[in-house]
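Inside the fold
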Protein chains: 2
Amino acid sequence: MAEILSSPCSDGPVGTVWLVGAGPGDPDLLTLRAARLLGEAELIVHDGLVAAEILALASPYAEMISVAKARSRHSMPQEEINTLLVREALAGRDVVRLKGGDPFIFGRGGEEVEACRAAGVPVEVVPGISAAVGCAAEAGLPLTHRGLSSAVTFVAGQCKGLTDQNWAGLAGRDRTLVIYMGVATAADIAEKLMADGITP
Amino acid sequence: MAEILSSPCSDGPVGTVWLVGAGPGDPDLLTLRAARLLGEAELIVHDGLVAAEILALASPYAEMISVAKARSRHSMPQEEINTLLVREALAGRDVVRLKGGDPFIFGRGGEEVEACRAAGVPVEVVPGISAAVGCAAEAGLPLTHRGLSSAVTFVAGQCKGLTDQNWAGLAGRDRTLVIYMGVATAADIAEKLMADGITP
């Protein structure tokens, strides 16, 4: 009975879920580990944010599941993604869960890790180049710089209600503030920062 | 005359300086671009922080220059590193400047970019997995997490005098604070954070 409970979908071994950061878009910025896992994976569950050039590195035999609905631009609810990953792993399949950027910086990777752990599914995280780091390199603009900035903060302009977030003190002298997913809410962000005393 | 001024050390073409992030230490976490540049480089100028396993990926014909003095644990002054990179590029050599983590997060890459630009040397930055991102993945601990943390800040415990840095408000509710190079100054850091109202 204990055995059935711990592995409800299969009598075989449980698969591993690999949460893999795909980086900012350029396939050349995948890590060696990410590229290898992608090339060997039988099942890839990917975000809409992952570039087509990166998905093209997958084996032609891999099953690909997108958790982004292209037309509505809404993605599968996080709860359903968690359920999908756990179900496939309990059925004995290794799953590569491919996410844009890094899984642990606005990637909701923490929630997927929790779901796997709660279900007894082994989970491994492969870090990726986060968007801010990729953009900074591309633009030649450092995130920290002696005499100018000794701290860098990443916040999200969209992940969570902007008004619910407290950004007080995150921008200003000697600090770099990077805003992810901020284009749509740029006007609100500007007001938020000015209310915090930042000069436009 | 203009030609001589723009290329004082050589009549040939100027080389490119590649500022390359080597990531947190595991060679498997190099980006594909970093691994390729490393394998093809004729001249590699590297920090002491870069792991031996990564340096082993260089071509056997590459000239390797370490800018860390192992015994004293002091590195070459930044000014001298800048001069070295510029001199070699003006002499027509492509230079891979290999740095631990990411060049633009406490890597002083900004200073090297400035030196190259001032000398008319083309410079390209290849981002790397920063230590905090690598550690978080390894430990399975997200840097942002819905309902727990919507901002993540990186500061340095050693790059610059701790007392000169203002960390007010960077730690606390709904925020993750990551301290780089903080082991040696851990006691001072604890006091600094408590003075800012953080409960131990």
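Definitions and limits used
- Numbering of residues starts from 1 in each chain and follows the order in which that chain's sequence is written.
- Throughout, the order in which chains and ligands are written sets their labels, letters from A for the former and numbers from 1 for the latter.
- pLDDT decides what is reported in this predicted model: residues at 70 or higher carry local features, side-chain atom pairs at 80 or more are listed and counted, and totals for whole chains, interfaces and linings draw on all residues regardless.
- Only hydrogens and water are set aside when side-chain values are computed; all heavy atoms of the structure are taken into account.
- Every residue carries a pLDDT, the predictor's confidence in it, which falls somewhere between 0 and 100.
- Only heavy atoms enter the contact rule, under which two residues are in contact if any of them lie within 4.5 Å.
- Pairing of aromatic rings covers Phe, Tyr and Trp, the last through its six-membered ring, and needs centres within 6.5 Å; plane angles under 30 degrees mean stacked, over 60 mean edge-to-face, and all others mean tilted.
- Only when the NZ of Lys or the CZ of Arg is both within 6 Å of the ring centre and within 35 degrees of the ring normal is a charge said to sit over the ring.
- By convention, the term buried area covers the 1.4 Å-probe accessible surface removed from two parts as they join, with the contributions of both added.
- Salt bridge criterion: a side-chain nitrogen from Lys or Arg within 4 Å of a carboxyl oxygen from Asp or Glu.
- In the analysis that follows, any N or O atom pair within 3.5 Å is treated as a polar contact, provided that within protein one partner can donate a hydrogen and the other can accept it, and provided that, for residues neighboring in sequence, both atoms belong to side chains.
- Only DSSP runs of H or I reaching four residues or more are called helices, and only runs of E reaching two or more are called strands; each is numbered from the N terminus.
- Interaxial angles span 0 to 180 degrees and are taken between N-to-C directions of axes, which are lines fitted to C-alpha atoms, for helices over the stretch in contact.
- Here is the rule for angles: anything less than 35 degrees is roughly parallel, anything more than 145 is roughly antiparallel, 65 through 115 is roughly perpendicular, and the remaining ranges are oblique.
- With the far helix as reference, a near helix turned anticlockwise by less than a right angle produces a left-handed crossing, and one turned clockwise produces a right-handed crossing.
- Residue polarity follows a fixed list, in which Ala, Val, Leu, Ile, Met, Phe, Trp, Tyr, Cys and Pro are nonpolar, Asp, Glu, Lys and Arg are charged, and the others, Gly among them, are polar.
- Between buried and exposed lies partly exposed: a residue is buried under 20% and exposed over 50% of the maximum accessible area for its type, with that area taken using a 1.4 Å probe on protein chains only.
- Only strands that DSSP links by at least two bridges are regarded as paired with each other.
- Superposition of the copies used a least-squares fit over C-alpha atoms from residues whose pLDDT is at least 70 in both.
- Here, nonpolar core means buried Ala, Val, Leu, Ile, Met, Phe, Trp, Tyr and Cys residues that are tied together by side-chain atoms lying within 4.5 Å of each other.
- By arc we mean the arc of the directions from the helix axis to the C-beta atoms, nothing more.

1. Here's the deal with the confidence of the model for chain A
When the pLDDT values of chain A are averaged, the result is 90; 90% of them are 70 or greater. When the criterion is pLDDT under 50, residues 1–7 of chain A qualifies, and its contacts beyond four places in sequence or with other chains add up to four contacts.

2. A few points about the packing of aromatic side chains
What the rule picks out here adds up to five aromatic pairs over all chains. Each member of the aromatic cluster is reached from another via a ring pair, and the members are A:Phe106, A:Phe154, A:Tyr180, B:Phe106, B:Phe154 and B:Tyr180. The ring of A:Trp167 carries A:Lys192 above its face, with NZ or CZ at 5.4 Å from the centroid.

3. Some words on the interface of chain A and chain B
Contact with chain A, which involves 53 residues of that partner, is made by 53 residues of chain B. In total, chain A and chain B occlude about 4200 Å² of area from one another, counting both sides; carbon and sulfur atoms represent 56% of this. Looking only at chain A, the three residues that lose the most surface to chain B are A:Asp28, A:Leu32 and A:Phe104, adding up to 15% of its buried area. Where chain A packs against chain B, one counts eight salt bridges. Here A:Glu111 makes a salt bridge to B:Arg146, at a shortest N to O gap of 3.3 Å. The interface formed by chain A and chain B includes 27 residue pairs in polar contact (both at pLDDT 80 or more). Counting only elements with at least two residues in the side of chain A that touches chain B, the list comes to helix H2 (32–40), helix H5 (109–118), strand S5 (123–126), helix H6 (131–139), strand S6 (149–156) and strand S7 (174–180) of chain A.

4. Let's talk about the packing of helix H4 (residues 78–90) of chain B against helix H5 (residues 109–118) of chain B
Residue and element names in this part refer to chain B. Close contact between H4 and H5 brings their axes to 9 Å; oriented N to C, the two are set at 45°. Classified by the angle between their axes, H4 and H5 sit oblique to one another. When you trace H4 past H5, the crossing you get is right-handed. Facing H4, whose interface residues are Gln78, Ile81, Asn82, Leu85 and Val86, H5 presents Glu111, Glu112, Ala115 and Cys116. When its residues are assigned to classes, the contact of H4 with H5 shows five nonpolar, two polar and two charged.

5. Thoughts on the pattern of salt bridges
The tally for this structure, following the rule as stated, stands at 22 salt bridges over all chains. Here A:Glu112 makes a salt bridge to A:Arg97, at a shortest N to O gap of 3.1 Å. Here A:Glu112 is found in helix H5, whereas its partner A:Arg97 is found in strand S4 (residues 95–99), with 15 residues between them in sequence. One salt-bridge network, in which partners are shared between bridges, spans A:Asp26, A:Asp28, B:Arg33 and B:Arg36.

6. A closer look at H2(A)
Within the sequence span of H2(A), burial applies to A:Arg33, A:Ala34, A:Ala35, A:Leu37 and A:Leu38. Looking at the buried positions of H2(A), the neighbouring elements they touch are strand S1 (17–21), strand S2 (43–46), helix H3 (52–55), S4 and S5 of chain A together with helix H2 (32–40) of chain B.

7. Quick look at the sheet that holds S6(A)
Taken in spatial order, the four strands line up as S7(A)-S6(A)-S6(B)-S7(B) in an open sheet, and their pairing is mixed. On the outer flanks of this sheet lie S7 of chain A together with strand S7 (174–180) of chain B, each paired with one strand and no other. Neighbouring strand axes in the sheet, compared pairwise and without regard to direction, differ in orientation by 20° on average.

8. Observations regarding the relation of the copies chain A and chain B
Least-squares fitting of chain A to chain B yields an RMSD of 0.0 Å, with the transformation described by 0.0 Å of translation along the axis and a rotation of 180°. Expressed as an axis order, the relation between the two copies is that of a two-fold axis. Same-surface contact between copies: 100% of interface residues of chain A are shared with the interface of chain B.

9. Focus: the nonpolar core
In terms of nonpolar packing, the biggest core is built from 66 residues, with A:Val17, A:Phe154, B:Val17 and B:Phe154 touching the most fellow members. Here A:Phe154 is in contact with A:Ile105, A:Phe106, A:Ala132, A:Val133, A:Leu143, A:Val178, A:Tyr180, B:Ser150, B:Ala151, B:Val152 and B:Phe154, once residues within four sequence places are set aside. Of all hydrophobic cores here, the second largest spans 19 residues; its members include A:Ala22, A:Leu30, A:Ala34 and A:Ala35.

10. Quick word on helix H7 (residues 186–195) of chain B
Residues and elements named next belong to chain B. Turning to H7, its buried residues number three or more, namely Ile189, Lys192 and Leu193. For H7, the arc enclosing every buried residue in end-on projection is 95°, short of the 170-degree limit, so these residues lie on one face. Residues of H7 that are exposed and angled more than 90 degrees away from the buried face: Ala187, Glu191 and Ala195. Each element contacted by the buried residues of H7 is listed here: S7. Residue glycine 197 follows H7 closely and has a positive phi angle near 95°.

11. Structural notes on unusual backbone geometry
Although it is not a glycine, A:Asp174 sits at a positive phi angle of roughly 65°. Relative to the assigned elements, A:Asp174 resides in strand S7.

12. As for the sheet that holds strand S4 (residues 95–99) of chain B
Residues and elements named next belong to chain B. In space, the five strands of this open sheet follow the order S3-S2-S4-S1-S5, with parallel pairing throughout. Every other strand in the sheet has two partners, leaving strand S3 (63–66) and strand S5 (123–126) as the edge strands with one partner each. Each strand axis lies, on average, 20° off the axis of its neighbour in the sheet, ignoring direction. Taken together, the four bridges between strand S2 (residues 43–46) and S3 define a ladder with parallel strand orientation. Paired with valine 45 across the bridge in S3 is isoleucine 65.

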